[in-house]
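An overview of the molecular structure
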Amino acid sequence: MSETDANTTDVLVIGGGTGGYSTALRAASLGLRVVLAERDLIGGTCLHRGCIPSKAMLHAAELVDGIAEARERWGVKATVDSLDWPALVATRDGIVERNHQGVAGHLRTAGVRVVKGTARLTGPRTVHVEGAGEFTARRGIVLATGSRPRLLPGLAADGRRVVTSDDALFAAGLPASVLVLGGGAIGVEYASFHRSMGAEVTLVETAGRLLPLEDEDVGRHLARGLKKRGITVRTGSTLTGTELLADGVRATVRTPKGEELVIGAERLLVAVGRAPVTDGLDLAAAGLAADERGFVAPADWSRLETSVPGIHVVGDLLPPPSLGLAHASFAEGLLVAETLAGLPSRAVDYAAVPRVTYSSPQTASVGLTEAEARARGLDIKVNTMPLAATAKGMVHGQGGMVKVIAAADGAGGDRGLPWSNDVESLGKTGAVLGVHLVGPQVSEMIAESQLIVGWDAEPADVAQHIHAHPTLSEAVGETFLTLAGRGLHQH
């Protein structure tokens, strides 16, 4: 085979994270010839610097919290003598490596050619990969280059005193005090982890509540749970200055009342969002340009295809309504691969993608918030139930709630997709529009609600299904029973 033949493929994917490798695997399964170019490690941010290692660490934090609860609530005289940080890191890294080898093995078995090197566009169907030469993609190119942590202007990370979420994973040891800047999912999770490990934690968020993109009640219940654990939460507050010290940082924070607070900490963890990665991609060579925020927007959301036919985008490179979530990028990869194979494929319904924060307490949501539903002029009915109203919620003792937003009788349930999705049930009378959970392990409870919202079920449809007792999930069932007019414990 000549080099020209070897470097001609059906689909060329740039980036081997969740969006990139899912596109490659699905395209290969449909009989397409696939090349995947990755300059770092297959698995991307999620596997190596995000979802997987951070959740492994949060599991360790749960174990520490469990020992404290056993002693304080249940009379089990247990203590944590010490923390073997290298052992924790070794376990975490072992989980990451097994997943890494698993994904690489799937790609090999599927026949995907993985090329190591930095890729740049040279035309609408051509890509140059450093060290491997020029490639031509007959059907199309998929941009899946991911994102990196954002930093504030004038605030540089040194990996020790000022760190990003990437740095925090690999820093040596644990700090005694942490100032977390940013109350989104990443900031909240790291605040929760460090508190579990014994650090004094201050969490600062510019918006008026934590998780500002979630339902207002979610942010309120989350803040209550974090404060109960001893985390200082300062919402509506802004970082106005930082001073680097030999052993940490001294930060100045302006409160909503205009007060200037000086907060000292061993570590300042900056978690103010993530920025798309396009450096070196040379979008202009293919006739593309990033928007002012660095995203590459599709011209056709139903196909995730850019203004240049045959070039598609998945993952963190997409602007909202894409969510920058790994599980959403899996769905985007399936859609793009099937589109490139000439198959019909349903567009991603981002409103029906679950959103989870793995703190203690956890949050999990799907669909519209109450504010979003009201802003769209929808006539809605809302029901909220505290988890502490259930026996299992009392056992866990973490508080929390279930909140359901449904279209009122005679009102449409259209969640407002930005494209035509040809879903016949959209607009179904009385459909459930959103479900929001706060409490222990609610990440494992959201799948039911995802189906409810995604299938536009009505409260009465859900109310006929019996939830096991005693469980946390029966609070979900009771909430729908009440909305259907059949509630036993709510009126």
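For the structure, check the block above.
The text that follows walks through the structure, step by step, so that each part is easy to find. Treat the numbers as computed from the prediction; the structure is a model and nothing was measured.

**Let's talk about the sheet that holds strand S12 (residues 238-245)**
- With antiparallel pairing, the three strands of this open sheet are ordered in space as S12-S13-S14. Every other strand in the sheet has two partners, leaving S12 and strand S14 (260-265) as the edge strands with one partner each. Each strand of the sheet is rotated relative to its neighbour by a mean of 20 degrees, with strand direction disregarded.
- By the bridge criterion, seven bridges tie S12 to strand S13 (residues 248-254) in an arrangement that is antiparallel. Looking at the pairing, Leu 239 lines up with Val 253 of S13.

**With respect to the sheet that holds strand S19 (residues 362-367)**
- Taken together, five strands build an open sheet; the order of strands is S18-S19-S22-S21-S20 and the sheet is antiparallel. Pairing within the sheet leaves two strands with one partner each, and these edge strands are strand S18 (355-357) and strand S20 (380-386). For this sheet the average axis-to-axis angle between neighbouring strands, irrespective of direction, equals 5 degrees.
- Across seven bridges, the pairing between S20 and strand S21 (residues 401-407) is antiparallel. Paired with Lys 381 across the two strands is Ala 406, which belongs to S21.

**Quick word on the environment of Asp 40**
- Tracing the backbone shows Asp 40 in the loop between strand S2 (34-38) and helix H3 (44-48).
- Expressed as a C-alpha distance, the spacing of Asp 40 and Phe 170, which sit 130 residues apart in the sequence, is 17 Å.
- If near-sequence neighbours (up to four positions away) are discounted, Asp 40 is found in contact with Arg 49 and Lys 116.
- A distance of 3.3 Å separates the side chain of Asp 40 from the side chain of Arg 49, its partner in a polar contact.

Cut-off values and rules
- Residues numbered from 1 in each chain as written.
- Predicted model: local features only at pLDDT ≥ 70, side-chain atom pairs only at ≥ 80, totals over all residues.
- Heavy atoms only, no water.
- Pairing = 2+ DSSP bridges.
- Helix = DSSP H or I, 4+ residues; strand = E, 2+ residues; numbered from the N terminus.
- Axes fitted to C-alpha atoms, helices over the stretch in contact; angles between N-to-C directions.
- Contact = heavy atoms within 4.5 Å.
- Polar contact = N/O pair within 3.5 Å; in protein donor to acceptor, adjacent residues only side chain to side chain.

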